[in-house]
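Inside the fold
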Protein chains: 4
Amino acid sequence: MTNFVSTPSVPAPDIVRCAYLELVVTDLAKSRAFYVDLLGLHVTEEDENAIYLRSFEEFIHHNLVLRKGPVAAAAAFAYRVKSPAEVDAAEAYYKELGCRTERRKDGFTKGVGDSVRVEDPLGFPYEFFYDVEHVERLTQRYDLYSAGELVRLDHFNQVTPDVPRGRKYLEDLGFRVSEDIKDSAGVTYAAWMHRKQTVHDTALTGGNGPRLHHIAFSTHEKHNIIQICDKMGALRISDRIERGPGRHGVSNAFYLYILDPDGHRVEIYTQDYYTGDPDNPTVTWDVHDNQRRDWWGNPVVPSWYTEASLVLDLDGNPQPVIERTDASEMAVTVGADGFSYTRKEEDGSAGEKTGFKLGAQV
Amino acid sequence: MTNFVSTPSVPAPDIVRCAYLELVVTDLAKSRAFYVDLLGLHVTEEDENAIYLRSFEEFIHHNLVLRKGPVAAAAAFAYRVKSPAEVDAAEAYYKELGCRTERRKDGFTKGVGDSVRVEDPLGFPYEFFYDVEHVERLTQRYDLYSAGELVRLDHFNQVTPDVPRGRKYLEDLGFRVSEDIKDSAGVTYAAWMHRKQTVHDTALTGGNGPRLHHIAFSTHEKHNIIQICDKMGALRISDRIERGPGRHGVSNAFYLYILDPDGHRVEIYTQDYYTGDPDNPTVTWDVHDNQRRDWWGNPVVPSWYTEASLVLDLDGNPQPVIERTDASEMAVTVGADGFSYTRKEEDGSAGEKTGFKLGAQV
Amino acid sequence: MTNFVSTPSVPAPDIVRCAYLELVVTDLAKSRAFYVDLLGLHVTEEDENAIYLRSFEEFIHHNLVLRKGPVAAAAAFAYRVKSPAEVDAAEAYYKELGCRTERRKDGFTKGVGDSVRVEDPLGFPYEFFYDVEHVERLTQRYDLYSAGELVRLDHFNQVTPDVPRGRKYLEDLGFRVSEDIKDSAGVTYAAWMHRKQTVHDTALTGGNGPRLHHIAFSTHEKHNIIQICDKMGALRISDRIERGPGRHGVSNAFYLYILDPDGHRVEIYTQDYYTGDPDNPTVTWDVHDNQRRDWWGNPVVPSWYTEASLVLDLDGNPQPVIERTDASEMAVTVGADGFSYTRKEEDGSAGEKTGFKLGAQV
Amino acid sequence: MTNFVSTPSVPAPDIVRCAYLELVVTDLAKSRAFYVDLLGLHVTEEDENAIYLRSFEEFIHHNLVLRKGPVAAAAAFAYRVKSPAEVDAAEAYYKELGCRTERRKDGFTKGVGDSVRVEDPLGFPYEFFYDVEHVERLTQRYDLYSAGELVRLDHFNQVTPDVPRGRKYLEDLGFRVSEDIKDSAGVTYAAWMHRKQTVHDTALTGGNGPRLHHIAFSTHEKHNIIQICDKMGALRISDRIERGPGRHGVSNAFYLYILDPDGHRVEIYTQDYYTGDPDNPTVTWDVHDNQRRDWWGNPVVPSWYTEASLVLDLDGNPQPVIERTDASEMAVTVGADGFSYTRKEEDGSAGEKTGFKLGAQV
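Residues numbered from 1 in each chain as written. Chains lettered and ligands numbered in written order. Predicted model: local features only at pLDDT ≥ 70, side-chain atom pairs only at ≥ 80, totals over all residues. Heavy atoms only, no water.

Another point: the packing of aromatic side chains. Residue and element names in this part refer to chain D. Taken as a whole and assessed by the stated rule, the structure comprises 84 aromatic pairs over all chains. Between the aromatic rings of Phe 77 and Phe 156, the centroid separation amounts to 5.4 Å while the plane-to-plane angle is 90 degrees, which identifies the pairing as edge-to-face. With Phe 77 in strand S5 (residues 73-81) and Phe 156 in strand S9 (residues 152-160), the pair connects residues that are 79 residues apart, well separated along the chain. Here the two residues Phe 77 and Phe 156 agree in accessibility, since each one is buried. (Phe/Tyr/Trp six-rings, centres within 6.5 Å; stacked < 30°, edge-to-face > 60°. Helix = DSSP H or I, 4+ residues; strand = E, 2+ residues; numbered from the N terminus. Buried < 20%, exposed > 50% of the residue type's maximum accessible area, 1.4 Å probe, protein only.)

Pasting the structure below:
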């Protein structure tokens, strides 16, 4: 039974959006080749230990920090809050939750000022900040626009064993659920949660965690994503294309998943939808709907369900990974006992493997 | 050992391009829903037995005939020749080859005049014609332009057991090879052959044959193909998406394979390259190159290798299917003894499964 | 000198976004042909007097009401507020401003509940509502997706003589300025103002007003807009394309302006940028920058500056149009005494007609 | 009255396609910035006097030679022929026409072998060659693919005073007319002529000549062309965008015209249609059809009609420019006595300025 995170009596910090991820990588040069040469993220600043990268339309100092370290992991999921006072609010909120927090007036990374980092109830290193250096927003610097240009940071995706517990915690924190995946027995397999007016700023994927599932950047159009695939083919690293491109059922976005040199997963993503109305309809998908993860019914590769990146505690040590005890989405949809459907039977039931793309599942 | 088709002493007919396919379908209404409602091909004419369809930029009567019949099969692969006299040339050519031929001054289908049909040396029903009714070319009828519009017939693809034999026969017939797939032992797995200035008018895929592998229509841009996938998702027939979308290694085209209600395979295809120069370089791919069939290394589903449509003889009976005795591409690349690579080893060798996308092959 | 609108002591209503426009049209059938047959907006409901239309990804009842009437005009600019209580807040706010208001518990249009309409200080008919009927959100109904699909209502654009006055009023109402156009003498020619996280929910264009400059819908990608042009060419109504397609300097969006049968202007718009951060940088353009209105320097046609739609008061009578007394953007950029530049001189000054596209202005 | 070019008794050379243009430019560094840095053409070879450039999918040595010289001009319009013997055929053909010819076994430019250059009957420097160095075809080098990538040389466009005379000469030379523009009095304003299976390899534009109107490169998709505009905006050289982007009536291609540092005009072009059938329908446009030059009715800027590049004789001196005596397209469509229409009247006549976009013509 889920042991929910308590709801603090103090108000949750007013979060604007996911803002940056700090990633520990084991070979900075290889990671630079991936994020800068391949993906074209823009270097705001770099030194021998870290590279600060931003997307094309970003005006804050960075969306991604690559920091050299011994163990590949995610060191911080950073959110921007609405005002300097909201950093105080975040600190108070997590203190009341009994979480370890660390406040640094000069920030944890270059370009960012007063910040608080916490080990949150799910075991993730969350950061909250408002002060940040503004840098040139490249929006109309089309002289720098590559064929596969990444224009915005879109979201994080976190793996956690108990999705309802995580969802409740994030809802208390002010996130709203745009979509989720459930089964008829009430198991929740995943949930998408937003502050800005898109489908998500972060999502919870059920699995062994806490781990980082992926970070996602968006492009303007679908052809930009296809170009990234084509370029990976040209560079003969197509084996680093893990899944896609495809159209998500959930979120409706056109997507691609690729793997960086350390195995950190990056999603390239475009064209989800507006979620800013207070009564934005939540979409619930049946875990056996074969189009939930890929609208075209293409299979999810097993690694996408099983692999993810470690996350660090505030001392920089990997958090222990706790096993999911709820049913696994992979097991119930791919395994011998699972069944899925593309369309409902005429009587409304989800027929066993009706219209299932068997050929693709070998 | 390959028993080559002899080369006639009379000149081969001067073929312009692949022009139309006659398909036997078992349920005309279901096929109409697929080709007209889903894919948006334009009806030139129809009656209770047949539907004559053309693509958006076509000015001849049809690119596809759907004819109602008891057994799903391909009844004719029709090529347009350069002049009326070339129909005579075709007839003479096949007669000398010892093939059964049938000449009809009024054509075999509506809209087409003087034609000859043959049972060719590979067992395929080929047709050659020049006279054809011109119809409205819809090129600028953007009021009829759907989001997934098919603008041209691009090519046929035929399954035949002995690719070198078929290739020699088609080269004699005036086709030129743009690309092929081979192995270091000299086995040819497939060849692409053109008359018009694209990568192919037809291709030979090694396998049990004679069978129709697919017919391909082209779109203007890549997003048009994505729309077809999205629409099939919306119609909850994603299980009829067999493979893709993806980027071909061979031909460089962006592609999608879908299955019609009878299991006839249709490719949607865009952006291959110009091949009109006499010395257009032929591209040879190693069968173990994991990017040959999909530039992004995504796996070919087994059905794509094994399933194909019967073809009819001139009496309308299915041609017997002869088994391929050469190595099968699926076996040498997917099976237990196969190996593939994404990139060469530094010593230039193709390392065993170097960079192979294992996860995707489960 | 600008006579600013006073700032009420009661809080401004919390506006979510621009939600719908009510347009009076003189021939409902002709307007239906334009908005439904040409543009593909989806009919939620219609009768002999009115048509209720929505965009592809909308879940509220409508984004556009076409109502039959004797004089073509805009009858209401409707904004959605965050909760039912905010309708009360809006009513109180405008009452304190001394504006005429009208509250209707059952709404002014089908599908919308409790609403207040006001004659605002600038003379525009504004509406505020929360209660609205949810309808099918067509986001994944790709079977209904046309090649030029309009996916969201993006913004309104209003013509008003005194832009700084209007801007101050809208800032008080909670809008934030994303971009504006000024000259070195301090004249403001236009301002873009948002509540949702895009460049604008409405904009103020300096000119004789109050008038509706245009309503804008967005597409997913740029090719969707090109298709609308192509389709208008095919329908031989290219003379209803007023301006574009082009890339805006302001907002960076790809755009097109077309005219409906009554001369109401519709913009089709895609790919502006995220503005949700509290310190989102405001972009100010020099009125003499030749790329401000079209990033490619293509000229603005005079009608775009001079023509606009009347707006109605709460009795349904056209508001009188007041002349702008400030300098006109057309006069200072197109006329004999104006000058513009594409790039600054090396000394930083804006040279007279440096790099100006004279040929295009003949 | 047109004094037609005589038809030689010897066969015309068998031309494959337009292959390259040699352009004299006055500042090699500035031209390099334009063609390489801005447009992304690929340098095959360069020295202090010349740069040899090719498009992405080209496999011959170059499509464009920029040669430094005192007077900006076109030095050669080079066509590839089907075999070495066709160079002899070309030489014999032009000799019989009484034209000055020059044969060079080692070619006139690097990378090209045995060639003949001629001063053709219209005064243009034409070259014919077969032997050419093959270079890396970059088709799948997506690591080099820019957002506005030029993938093929598409065509030349030549200005000549007497279009029917030029057309007859080119038809004798084996070109076929795909489209033309005429008036009801029988004046021909322009003609499009092809060897390869596209709308043209060259076109004749009526005007003072012989002059080069433009050279055209094609892109894969429409967004690639938009990116070139966007990049020119970013570089603040939007005044070098002369016309477009737009959709041509003639050819149906999506287009853009830009000007290089010497004023040589370059078209970027995509998605015309297949013309390879022997009876490909010729499309004739009425000069008063307002959608002939731009399907969206956008006006042609006057410079597009009047400006063009000089061409050189075989000594490298500019050919004298002869005035057109037939009616000018600009005069009959833009001037005071002209009239145009967007759609025909109901009685079938082309009403005076029916639906003409007057506002845009100011």
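So, about the side chain of Thr 198 of chain D. Among the secondary structure elements, Thr 198 of chain D is positioned in the loop between strand S11 (188-194) and strand S12 (202-206). A distance of 3.2 Å separates a polar atom in the side chain of Thr 198 of chain D from the backbone oxygen of His 200 of chain D. (Polar contact = N/O pair within 3.5 Å; in protein donor to acceptor, adjacent residues only side chain to side chain.)

On the side of chain B, 35 residues touch chain D, which itself brings 35 residues to the contact. Summing the contributions of chain D and of chain B, the shared interface buries around 3,100 Å²; its carbon and sulfur component is 46%. Applying the counting criterion to the chain D and chain B interface returns 8 salt bridges. Of the residues that constitute the side of chain D that touches chain B, the class distribution is 11 nonpolar, 11 polar and 13 charged. (Contact = heavy atoms within 4.5 Å. Buried area = accessible area lost by both parts, 1.4 Å probe. Salt bridge = Lys/Arg side-chain N within 4 Å of Asp/Glu carboxyl O. Nonpolar A, V, L, I, M, F, W, Y, C, P; charged D, E, K, R; others polar.)

With that settled, the discussion passes to the pattern of salt bridges. Between side chains of opposite charge, a pair can form as their charged atoms come close. Counting across every chain of the model gives 132 salt bridges over all chains. Here Arg 80 of chain C and Asp 277 of chain A are joined by a salt bridge, their closest N and O atoms 2.7 Å apart. Of the two residues, Arg 80 of chain C sits in strand S5 (residues 73-81) while Asp 277 of chain A sits in the loop between strand S16 (265-270) and strand S17 (283-286), which places them in two different chains. With relative accessibility at 0%, the residue Asp 277 of chain A sits in the buried group. One salt bridge connects Arg 117 of chain D with Glu 22 of chain D, and the closest N-O pair in it is separated by 2.5 Å. Highlighted residues: Arg 117 of chain D in strand S7 (residues 115-119) and Glu 22 of chain D in strand S1 (residues 15-25), separated in sequence by 95 residues. Glu 22 of chain D matches Arg 117 of chain D in its accessibility class, with the two residues each being buried. Where salt bridges share partners, they join Arg 17, Glu 58 and Arg 80 of chain A together with Asp 277 and Asp 279 of chain C into one cluster.

What follows deals with the relation of the copies chain A and chain B. When chain A is fitted to chain B, the residual RMSD is 0.0 Å, and the transformation amounts to a turn of 180 degrees plus an axial shift of 0.0 Å. With respect to symmetry, the two chain copies, as superposed, fit the operation of a two-fold axis. Most of the interface of chain A is mirrored in chain B: 97% of its interface residues are interface residues there too. (Least-squares fit on C-alpha atoms with pLDDT ≥ 70 in both.)

Turning to the interface of chain A and chain B, a few remarks are in order. As a measure of interface size, the accessible area lost when the parts come together is often cited. In this assembly, 34 residues from chain A lie in contact with 33 residues from chain B. Across the interface of chain A and chain B, roughly 2,800 Å² is buried in total on both sides, 54% from carbon and sulfur atoms. The interface formed by chain A and chain B includes 6 salt bridges. Asp 239 of chain A serves as the salt-bridge partner of Arg 343 of chain B, at 2.8 Å between the closest nitrogen and oxygen. Put simply, chain A and chain B have 20 residue pairs in polar contact (both at pLDDT 80 or more) between them. Counting only elements with at least two residues in the side of chain A that touches chain B, the list comes to helix H4 (222-234) and strand S14 (241-247) of chain A. Sorting elements by how many residues they give to the side of chain A that touches chain B places H4 of chain A first, with 7 residues. Partitioning the side of chain A that touches chain B into residue classes produces 15 nonpolar, 11 polar and 8 charged.

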